[in-house]
Number of protein chains: 2
Amino acid sequence: MFKELNPLLHSELRLAVMSVLISVESADFVFLREQTGATAGNLSVQIDKLQKAGYITVEKGFKGKMPRTTCAITQEGVAAFEEYVAALRSYIGKGI
Amino acid sequence: MFKELNPLLHSELRLAVMSVLISVESADFVFLREQTGATAGNLSVQIDKLQKAGYITVEKGFKGKMPRTTCAITQEGVAAFEEYVAALRSYIGKGI
DNA sequence: TAAAGTAGTTTATAATATAAACCAAATTTC
DNA sequence: GAAATTTGGTTTATATTATAAACTACTTTA
């Protein structure tokens, strides 16, 4: 009847991060913070969880002298996102 | 960019309950438990939250000698569900 | 009448989300 | 050029949430 909703994606902020990353090649921390409206602390934690799940890659480098964290979605991440969306259908029907 | 997801509906079990109730006139506790696969304890708690939010009505009566709890979605509940679905769109795009 | 089942509720615990507090380096202001 | 502010984050403390386990109250069956 109802498909299970991947709890790692069933989180407002993590879902927003994935939503941004699925449509771009990569995005840095500041961009993600701006797009999601999240606090830096919350974003930092959620990025970490997505990375540990293998859904995104996180690279830390420098742009000039300032630190810069760049994130990108993995194939596994794309697959998980698509599966999550498919599972949602079982709750909200075709109405969406 | 991203619309807020009503936290009362952004819960796997509560969403499932609402999803059942939106398509029937009413449903009793046992039916909801069967459809959602939830434990009785969890279902009891989540039904309570939905009722307190005004999204469903809960009537307690008897079927023969056995207690029976009947739930139905309210207009407010329907509106909240539809708004939640609309908000989801901002996260999952046209993909769904 | 004892055991098992039904229909739930209450409560304890673990997991989660979130913001506040913090840190280090860079930049600006006085 | 020292102090204050900003940038780009991380760590940690707290409040909320989800969940199952334990329990209640009653009914049915053996």
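Up top you'll find the structure we're talking about.
The paragraphs below set out a description of the structure included in this document.

## With respect to the protein's contact with DNA strand D
Residues in close proximity to DNA strand D total 21 residues, the closest being S44, K60 and T69 of chain A together with S11 and R14 of chain B. Here DNA strand D approaches the protein such that, of its atoms within 4 Å, sugar and phosphate make up 69%. Here a phosphate oxygen of DNA strand D sits 2.4 Å away from a polar atom, N or O, in the side chain of S44 of chain A. Of all the elements in the fold, those that place two or more residues in the surface near DNA strand D are α2 (29-36), α3 (40-52) and β3 (66-73) of chain A together with α3 (40-52) of chain B. Of the residues forming the surface near DNA strand D, the biggest block, five residues, is contributed by α3 of chain B. A class-by-class count of the residues in the surface near DNA strand D yields eight nonpolar, eight polar and five charged.

## Digging into the interface of chain A and chain B
The partner chain B presents 24 residues to the 24 residues of chain A that form the contact. Both faces considered, chain A and chain B share a buried interface measuring about 2000 Å² in area, 68% of it formed by carbon and sulfur atoms. Between chain A and chain B we count six residue pairs in polar contact (both at pLDDT 80 or more) in total. Elements with a minimum of two residues in the side of chain A that touches chain B: α1 (12-21), α2 and α4 (75-92) of chain A. Counting residues per element, the side of chain A that touches chain B draws most heavily on α4 of chain A, at eight residues. The residue makeup of the side of chain A that touches chain B, split by class, is 13 nonpolar, seven polar and four charged.

## Some points on the environment of G77 of chain A
Tracing the chain through its elements places G77 of chain A in helix α4. With eleven residues separating them along the chain, G77 of chain A and M66 of chain A place their C-alpha atoms 28 Å apart.

## Some points on the relation of the copies chain A and chain B
Placing chain A over chain B gives an RMSD of 0.0 Å and needs a rotation angle of 180 degrees, together with 0.0 Å of translation along the axis. Interpreted geometrically, this transformation is the action of a two-fold axis. Of the interface residues in chain A, 100% have counterparts in chain B that sit at the interface too, so the contact is made through matching surfaces.

## Side note on the protein's contact with DNA strand C
In the vicinity of DNA strand C, 21 residues are found, and the nearest of them are S11 and R14 of chain A together with S44, K60 and T69 of chain B. Put simply, 69% of the atoms of DNA strand C that lie within 4 Å of the protein are in sugar or phosphate. In the model, a phosphate oxygen of DNA strand C is placed 2.5 Å from a nitrogen or oxygen of the R14 of chain A side chain. Measuring from a phosphate oxygen of DNA strand C, one finds a side-chain N or O atom of T69 of chain B at 2.3 Å. Elements with a contribution of two residues or more to the surface near DNA strand C: α3 of chain A together with α2 (29-36), α3 and β3 (66-73) of chain B. Per-element tally for the surface near DNA strand C: the top contributor is α3 of chain A, with five residues. Partitioned by chemical class, the residues of the surface near DNA strand C number eight nonpolar, eight polar and five charged.

Rules used throughout
- Residues numbered from 1 in each chain as written.
- Chains lettered and ligands numbered in written order.
- Predicted model: local features only at pLDDT ≥ 70, side-chain atom pairs only at ≥ 80, totals over all residues.
- Heavy atoms only, no water.
- Near = heavy atom within 4 Å.
- Polar contact = N/O pair within 3.5 Å; in protein donor to acceptor, adjacent residues only side chain to side chain.
- Helix = DSSP H or I, 4+ residues; strand = E, 2+ residues; numbered from the N terminus.
- Nonpolar A, V, L, I, M, F, W, Y, C, P; charged D, E, K, R; others polar.
- Contact = heavy atoms within 4.5 Å.
- Buried area = accessible area lost by both parts, 1.4 Å probe.
- Least-squares fit on C-alpha atoms with pLDDT ≥ 70 in both.

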